[in-house]
Amino acid sequence: MAIIEITNLKKSFGDTEVLKNVSLSVEQSEVVAVIGPSGSGKSTMLRSMAYLEEANGGSIQIGEEYLVKDGKYPASAKIKQITSRMGMVFQHFNLFPHLSVRDNLELAPKLLKQFSSAEIRSKSSDLLNKVGLLDKADAYPSNLSGGQKQRVAIARALMMSPEILLFDEPTSALDPELTGEVLQVMRQLAEEQMTMVVVTHEMGFAKEVADRVMFMADGEFIESGSPEQMFGNPRHERTKAFLNRVL
Amino acid sequence: MSLDYLWQITGPMLEGAKTTVLLFFLAIITSIPLGFVFTLMVRSHVKPIAWFANGYIYVLRGTPLLLQMLFICFGLPVIPVIGEYLVMDRFAAAALAFTLNYAAYFAEIFRGGLLAIDKGQYEAAQVLGLGRWHTMTRIVLPQMFRIALPAVSNESITLVKDTALLYAVAVPELLHFAQTAVNRDFTIVPFIVAGVIYLFMTLLLTLLFKALERKFKFE
């Protein structure tokens, strides 16, 4: 059963139609890579899923629940409950600069009081260990490299135990030699059966880790398929042209 | 000139400096929160509230503090009918003027601090499930104060020096006693002593804010 079901999603900024008619279905534990030229609407789609953008039409269903149904949103408490099932990782990390690495992880769970302090502490240690940054627990974000920041951001998102992780170009702001450490963490999450939607320019990752690759241009999905098919034998002219440019 | 003389003139000046310091603390403690309230009002989605706050800031920043002080101290009491209810102790009137005036400056400083906070901070807070209150108190305000700190430091040093305006409404403070001694003894020394006392006060403030900036460096 699909855990994410997007149907006919529409979004405009003023007169510009950014998402024309986007539909996407993601299965539990699936890793979907969304590729496409800048300005094609990839990020807007992802941001709509996290309610960082409000759609103008269409539906987004998470499990059984509708975040938006035919362009109509439920009450804000409901929206909050649905979006809490998703974590998001941003291109520019968006770590809280005034908090230590550990406090970045622990702030939200502590404020939302879903777990005891001891549980939160042990979870943050586990997750920092998992992303290889336990020794940086007391450091501030300003003292970390880009790759380290992004790994902290992933750990912070995991603190909320999301069922789905959304990645908005997670390696685009990194120096090339630092993308590997972030992709490694993402690869590990994929192996652990995390459901992931990854907007990316990292074709290597899409090829290697994604179960499915979707190509978006001008606010619509043009073509989708397995990585082998998409990279080996793309059908659509626009997909071919795009892949020729980036590969 | 003897040490005795220095001591003799410094005594009253330090006595006057108490008034200076009192006004400083009253003004800073009241104008910072009030300024932040105006910052929030300027950003309000309710247009009349934003207009009022913008108008307030424009008027209070656009006219001299001295005028505002005289307005409250000597202007309000001569308004027909209600004037008699608006008579205030001169020090209280001055303190009120300082608070209202500095609140306008702090409002602008804090607004600048808020503008400097990246949109991504709000988005990260939202996707982590933080509500508006927690986002404001735990994410936005700490960063805003850090960004505003150098400007707040600057403003509070200006405030120390502006307390000399009390002279104009004849509330005896540091400068008043210096002027009295200069007139009486026909010497420039009391002015120099007054300058040194002001420098000492601003030095303390400078050191305090430097320490705060170090403490909140987030490194």
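Quantities reported herein were computed from a predicted structural model and do not represent experimental measurements.

Reading the values: rules and limits
- Residues numbered from 1 in each chain as written.
- Chains lettered and ligands numbered in written order.
- Predicted model: local features only at pLDDT ≥ 70, side-chain atom pairs only at ≥ 80, totals over all residues.
- Heavy atoms only, no water.
- Pairing = 2+ DSSP bridges.
- Helix = DSSP H or I, 4+ residues; strand = E, 2+ residues; numbered from the N terminus.
- Axes fitted to C-alpha atoms, helices over the stretch in contact; angles between N-to-C directions.
- Contact = heavy atoms within 4.5 Å.
- UniProt positions renumbered as here; feature names shortened; annotations may be inferred.
- Buried area = accessible area lost by both parts, 1.4 Å probe.
- Salt bridge = Lys/Arg side-chain N within 4 Å of Asp/Glu carboxyl O.
- Polar contact = N/O pair within 3.5 Å; in protein donor to acceptor, adjacent residues only side chain to side chain.
- Nonpolar A, V, L, I, M, F, W, Y, C, P; charged D, E, K, R; others polar.

**Q** Let's hear about the sheet that holds strand 8 (residues 195-199) of chain A: which residues, and what values?
**A** Residue and element names in this part refer to chain A. As summarised here, the arrangement of the 6 strands in space is 6-7-8-3-9-10, forming an open sheet in which the pairing is mixed. Every interior strand has two partners, whereas the edge strands, strand 6 (86-89) and strand 10 (220-225), have only one. Recorded for the sheet is a direction-independent mean angle of 20° between the axes of neighbouring strands. Taken together, the 4 bridges between strand 3 (residues 31-35) and strand 8 define a ladder with parallel strand orientation. Within strand 8, the position partnered with Val31 by the bridge is Met196. Against the sheet, helix 6 (residues 176-191) engages strand 3, strand 7 (164-168) and strand 8, with an angle of about 145° to strand 8.

**Q** Explain the UniProt feature "transmembrane region" (unreviewed entry) in chain B to me, and be specific about the residues and the numbers.
**A** Residue and element names in this part refer to chain B. With numbering matched to this structure, UniProt assigns "transmembrane region" (unreviewed entry) to residues 20-43, 55-79, 91-110 and 188-209. Secondary structure over residues 55-79 splits into 76% helix and 0% strand, and the C-alpha atoms at its two ends are 23 Å apart. Taken end to end, residues 188-209 is 95% helix and 0% strand, and its two terminal C-alpha atoms sit 32 Å from one another.

**Q** Got a sec to walk through the interface of chain B and chain A? Specific residues and values, please.
**A** The interface of chain B with chain A comprises 20 residues on the first partner and 22 residues on the second. With both sides pooled, the region where chain B packs onto chain A buries about 1900 Å², and carbon together with sulfur makes up 64% of that total. Interface area lost by chain B to chain A is led by Val127, Leu128 and Phe218 of chain B, which between them contribute 33%. Seen at the junction of chain B and chain A, the total is 1 salt bridge. A salt bridge links Arg47 of chain A to Glu123 of chain B, with the shortest nitrogen-to-oxygen separation between them at 2.6 Å. The tally of links from chain B across to chain A stands at 8 residue pairs in polar contact (both at pLDDT 80 or more). Contributing elements (two or more residues each) for the side of chain B that touches chain A: helix 5 (119-127) and helix 6 (132-162) of chain B. Among the elements that line the side of chain B that touches chain A, the one with the most residues is helix 5 of chain B, at 8 residues. Taken together, the residues that form the side of chain B that touches chain A break down as 8 nonpolar, 7 polar and 5 charged.

**Q** Describe in detail the sheet that holds strand 4 (residues 57-62) of chain A, supporting the description with residues and values.
**A** Residues and elements named next belong to chain A. One open sheet holds the 4 strands; their spatial order is 2-1-4-5, and the pairing between them is antiparallel. Both outer strands of the open sheet, strand 2 (16-27) and strand 5 (65-68), are each paired with one neighbouring strand and no more. Neighbour-to-neighbour, the strand axes of this sheet turn through a mean angle of 20°, independent of strand direction. Where strand 1 (residues 2-13) meets strand 2, 8 bridges bridge the pair, whose relative direction is antiparallel.

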